[in-house]
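Geometric and topological summary
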Amino acid sequence: MPKEKLSIVKIGGNIIEDASALADFLKLFSGLEGKKILVHGGGKRATHIASKLGIESQMVNGRRITDAETLEVITMVYGGLVNKNIVAQLQALSIDAIGLTGADANSITSDKRPVKEVDFGFVGDVKSVAYHSVNKLIEANFTPVFCAITHDGKGQLLNTNADTITSQIAIGMSELYETSIYYCFELNGVLKDINDKNSVIKHIDTKLYGELLEQGIIADGMLPKLENCFDALNNGVATINMGNTSMLTQENDNFTAITL
């Protein structure tokens with residue numbers, strides 16, 4: 001018997017920062033048929049509120065150093081302000097959403113990232129997803145909304161990359177469902193030419209991925225994103241789509257679909 005479909009959608013900071021873009025996205029998300037999970041970041045809002053509080057945000061290669069003070073801000077912003085606003089707006093759209101961190105229902109545990117060249121502080125690398133617990137919520141007709149916070153199982157919250165949380169939840173849930181990931185971001189998809197926003201590569205498989213890497217077309221910030229994608233596909237996820245939020249509609253086919 002074929003598995004039921006489950007969509008896992010990830011939105012980033014730029015959509016969260018723009019109230020009307022967020023409202024438009026949540027309308028699209030609410031119209032997405034079938035069972036679904038939403039994962040969100042919120043780094044830009046966290047940086048803004050941290051600076052208001054006189055806490056300087058430290059970044060290394062685009063990744064945030066999370067000291068104890070920063071973790072407090074991230075917990076307030078991701079788990080509180082951003083998460084509950086999204087949940088409230090989804091309720092207004094008749095989606096019975098439930099806001100979660102990885103600590104809730106012990107759903108996502110992480111290990112604190114070991115110190116190598118850089119001490120990232122309270123940053124977690126996902127260890128396990130309790131997909132049966134998440135599924136209990138889905139079967140009770142709730143739509144889980146995860147923020148980018150996990151825990152170590154010993155009482156410590158950890159700041160965790162939202163793209164990684166998305167792929168790890170999808171890998172876990174693929175035991176029970178045919179899972180598809182939608183990574184929503186500013187661009188229309190993976191671009192052949194970074195200066196031409198219409199140069200979307202509509203389909204990338206393992207072979208083309210290797211060629212694009214060799215040609216240097218996939219580089220910089222796209223590298224970890226695509227690595228994440230192929231890791232998820234090799235671990236049971238059915239399809240991954242990358243593009244702007246309009247890919248959630250039937251009318252738009254101008255995005256990148258990634259398969260093995």
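Keep in mind the model is a prediction, meaning the values are calculated, not measured. (Residues numbered from 1 in each chain as written. Predicted model: local features only at pLDDT ≥ 70, side-chain atom pairs only at ≥ 80, totals over all residues. Heavy atoms only, no water.)

Attention now moves to the packing of aromatic side chains. For the coordinates displayed, the defined rule picks out two aromatic pairs. Between the aromatic rings of Tyr209 and Phe230, the centroid separation amounts to 4.3 Å while the plane-to-plane angle is 20 degrees, which identifies the pairing as stacked. Placement of Tyr209 in helix α7 (residues 206-214) and of Phe230 in helix α8 (residues 222-233) is noted, with a sequence separation of 21 residues between them. With respect to burial, Tyr209 and Phe230 carry one shared label: buried. (Phe/Tyr/Trp six-rings, centres within 6.5 Å; stacked < 30°, edge-to-face > 60°. Helix = DSSP H or I, 4+ residues; strand = E, 2+ residues; numbered from the N terminus. Buried < 20%, exposed > 50% of the residue type's maximum accessible area, 1.4 Å probe, protein only.)

Bringing unusual backbone geometry into the picture now. Within the chain, Ser94 stands out as a residue other than glycine whose phi angle is a positive 65 degrees. Looking at where Ser94 falls in the secondary structure, it is placed in the loop between α4 (68-92) and β5 (97-100). On the basis of relative accessibility, which here comes to 68%, the residue Ser94 falls in the exposed class. Positive phi, close to 70 degrees, is recorded for Asn141, a residue that is not glycine. On the secondary structure map, Asn141 appears in the loop between α5 (131-139) and β8 (143-146).

Moving on: α5. Those residues of α5 not exposed but buried are Val134, Asn135, Leu137 and Ile138. Axial view of α5: buried residues confined to an arc of 155 degrees, hence all on one face. Seen from the buried face of α5, the exposed residues on the opposite side, beyond 90 degrees, are His132, Lys136 and Glu139. Structurally, α5 contributes buried residues whose contacts are with β1 (5-11), β2 (35-40), β5, β8 and α6 (162-173). Immediately downstream of α5, the backbone of Asn141 shows phi near 70 degrees, a positive value. (Arc of directions from axis to C-beta. Contact = heavy atoms within 4.5 Å.)

This part takes up the pattern of salt bridges. Tallied over the entire structure, the rule returns nine salt bridges. We note a salt bridge from Glu178 to Lys5, for which the minimum N-O separation is 3.6 Å. Of the two residues, Glu178 sits in strand β11 (residues 178-184) while Lys5 sits in strand β1, which places them 173 residues apart along the sequence. A residue is classified by how much of its surface remains accessible, and Lys5, at 56% relative accessible area, is exposed. Taking the shortest distance from any N to any O, the salt bridge between Asp163 and Lys10 comes out at 3.0 Å. A residue pair is termed long-range when its members are at least 10 positions apart, and Asp163 in helix α6 and Lys10 in strand β1 qualify at 153 residues. (Salt bridge = Lys/Arg side-chain N within 4 Å of Asp/Glu carboxyl O.)

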